[in-house]
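If you want the building blocks of each chain, they are given just below.
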Amino acid sequence: MKDIYISGFADEISSSFDEQLKTVRELGMQYISLRSADKKGIADFTVEEVKTDLLPRLQAAGVGVSSLGSPIGKVKIDDEEGFEKQCAQLETLCEIAKVLNCKYIRMFSFFMPEGKDPADYRDAVIEKLRKFIAIAEKHDVILMHENEKDIYGDVLSRCVDLMQTLNSAHFKSAFDFANFVQCGQDTWAAWELLHDRVRYMHIKDALWDGSVVPVGKGDGNVKKIVSAYVAAGGTDFTVEPH
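Residues numbered from 1 in each chain as written. Predicted model: local features only at pLDDT ≥ 70, side-chain atom pairs only at ≥ 80, totals over all residues. Heavy atoms only, no water.

### Re the sheet that holds strand 7 (residues 142-146)
Within the open sheet, the eight strands sit side by side as 1-12-9-8-7-6-5-2. Their pairing is parallel. Of all strands in the sheet, those with a lone pairing partner are strand 1 (5-8) and strand 2 (31-34), marking the two edges. Ignoring strand direction, the axes of neighbouring strands in this sheet form an average angle of 30°. The strands that helix 3 (residues 80-99) touches are strand 5 (64-69), strand 6 (104-107) and strand 7; relative to strand 6, the one it contacts most, it runs at about 145°. (Pairing = 2+ DSSP bridges. Helix = DSSP H or I, 4+ residues; strand = E, 2+ residues; numbered from the N terminus. Axes fitted to C-alpha atoms, helices over the stretch in contact; angles between N-to-C directions. Contact = heavy atoms within 4.5 Å.)

### With respect to the pairing of strand 5
Within a regular beta strand, the side chains point alternately toward one face of the sheet and then the other, so they alternate between its two faces. For strand 5, the tally of buried residues reaches five of six residues, placing the bulk of the element in the interior. Note that strand 2 and strand 5 share four bridges and pair parallel. Paired with Ser33 across the bridge in strand 5 is Ser67. In this sheet, strand 6 lies alongside strand 5 in parallel orientation, the contact comprising three bridges. Among the inter-strand pairings, Leu68 is bridged to a residue of strand 6, identified as Ile105. (Buried < 20%, exposed > 50% of the residue type's maximum accessible area, 1.4 Å probe, protein only.)

### What about helix 4 (residues 122-139)?
Across its 18 residues, helix 4 extends 26 Å between first and last C-alpha, which sits within 8% of the 26 Å expected from 1.5 Å per residue. Listing the buried residues of helix 4 in full gives Val125, Ile126, Lys128, Leu129, Phe132, Ile133, Ile135, Ala136 and His139. Looking at the buried residues of helix 4, the elements they touch are helix 3, strand 6, strand 7, helix 5 (156-166) and strand 8 (171-176). Asp140, located one to two residues past helix 4, shows a positive phi value of around 55°. (Expected span 1.5 Å × (residues − 1).)

### A closer look at the side chain of Asp236
Turning to its location among the elements, Asp236 is positioned in strand 12 (residues 236-239). Buried Asp236, no salt bridge; nearest opposite-charge side chain is Lys103, N-O distance 5.5 Å. A distance of 2.8 Å separates polar atoms of two side chains, one belonging to Asp236 and the other to Thr235. (Lys, Arg positive; Asp, Glu negative; His and termini not counted. Salt bridge = Lys/Arg side-chain N within 4 Å of Asp/Glu carboxyl O. Polar contact = N/O pair within 3.5 Å; in protein donor to acceptor, adjacent residues only side chain to side chain.)

### Some details on the side chain of Arg106
When you line up the elements, Arg106 lands in strand 6. For Arg106, a relative accessible area of 8% puts it in the buried group. Of note is the side chain of Arg106, whose polar atom sits 3.2 Å from the backbone oxygen of Gly69. A distance of 2.8 Å separates polar atoms of two side chains, one belonging to Arg106 and the other to Glu146.

### Description of the packing of helix 2 (residues 47-61) against helix 3
Relative to each other, helix 2 and helix 3 sit at 35°, their axes nearing to 9 Å. Between helix 2 and helix 3 the crossing geometry is right-handed. Between helix 2 and helix 3, the residues in contact are Val47, Val50, Lys51 and Leu55 and Thr92, Glu95, Ile96 and Val99, respectively. The residue inventory of the contact of helix 2 with helix 3, partitioned by class, reads five nonpolar, one polar and two charged. (Left-handed = near helix turned anticlockwise from the far one by under 90°. Nonpolar A, V, L, I, M, F, W, Y, C, P; charged D, E, K, R; others polar.)

### Quick word on helix 5
Counting buried residues along helix 5, eight of its eleven residues qualify, which places the element largely inside the surrounding structure. On its buried face, helix 5 is in contact with helix 4, strand 7, strand 8, helix 6 (177-182) and helix 7 (187-194). Phi for Asn167, located one or two positions after helix 5, is positive at around 40°.

### Looking at the packing of aromatic side chains
Applying the stated criterion across every chain yields a total of ten aromatic pairs. Considering the side-chain rings of Tyr104 and Tyr200, the 5.4 Å spacing of their centres and the 85° angle between planes classify their relative orientation as edge-to-face. Taken as a pair, Tyr104 in strand 6 and Tyr200 in strand 9 (residues 198-203) lie far apart in primary sequence, 96 residues in all. Each member of the pair Tyr104 and Tyr200 is classed as buried. Taken together, the ring pairs in this structure connect Phe175, Phe177, Phe180, Trp191, Tyr229 and Phe237 into an aromatic cluster. Between the NZ or CZ atom of Lys128 and the centre of the ring of Phe110, over which it lies, the distance is 6.0 Å. The ring centre of Tyr152 lies 5.5 Å from the NZ or CZ of Arg158, which sits over that ring. (Phe/Tyr/Trp six-rings, centres within 6.5 Å; stacked < 30°, edge-to-face > 60°. Lys NZ or Arg CZ within 6 Å of the ring centre and 35° of its normal.)

Rendered as structure tokens:
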């Protein structure tokens, strides 16, 4: 069996990067999913800041980075200025990923206008995601689409559509159990349709009433799906403690 890589969103421990690293080492973890450090989101760092500040501290702690927890795609679909800013941020994030020897960047598929049918925005979503993917391809980085609530790709049917339509080696699925449950989606059905696209799992569970609960205590079928993922050769997990 391949090695299993378990990381976590360490900024849920503390905003202090030093405290994050100290705690994950005490827990015996060797990887984190880097989302923010010292109250600053990873998308707001420059490549030079990562090289001179974050990387030395990671190396001193003996902690690697499994993925970047970016906010790319967490912008309104009709916010053109915001989209252009995120394209520039993604270019920098890809460079940061290479500095940190990390191949995955978590991202999303845009917030939909309230009260509107997401289907009306499908073409715009596809067009903008293609631009993100082109950047990832240029840098040989893999974008991991998280099925976040209230974005275009929140429910299973639209996640499947995105994966099949875009069909890129640089655009895969970060499978989030709790988010699917909170969107009323059966996680086993989601796994069956997305399993060949899943390259990352967020370990988080929820009940059908929407409340987040300890892993295995919810309706996410976590044990069954994790077993299937590992049996299929899956290796990468991020624990999302909240």
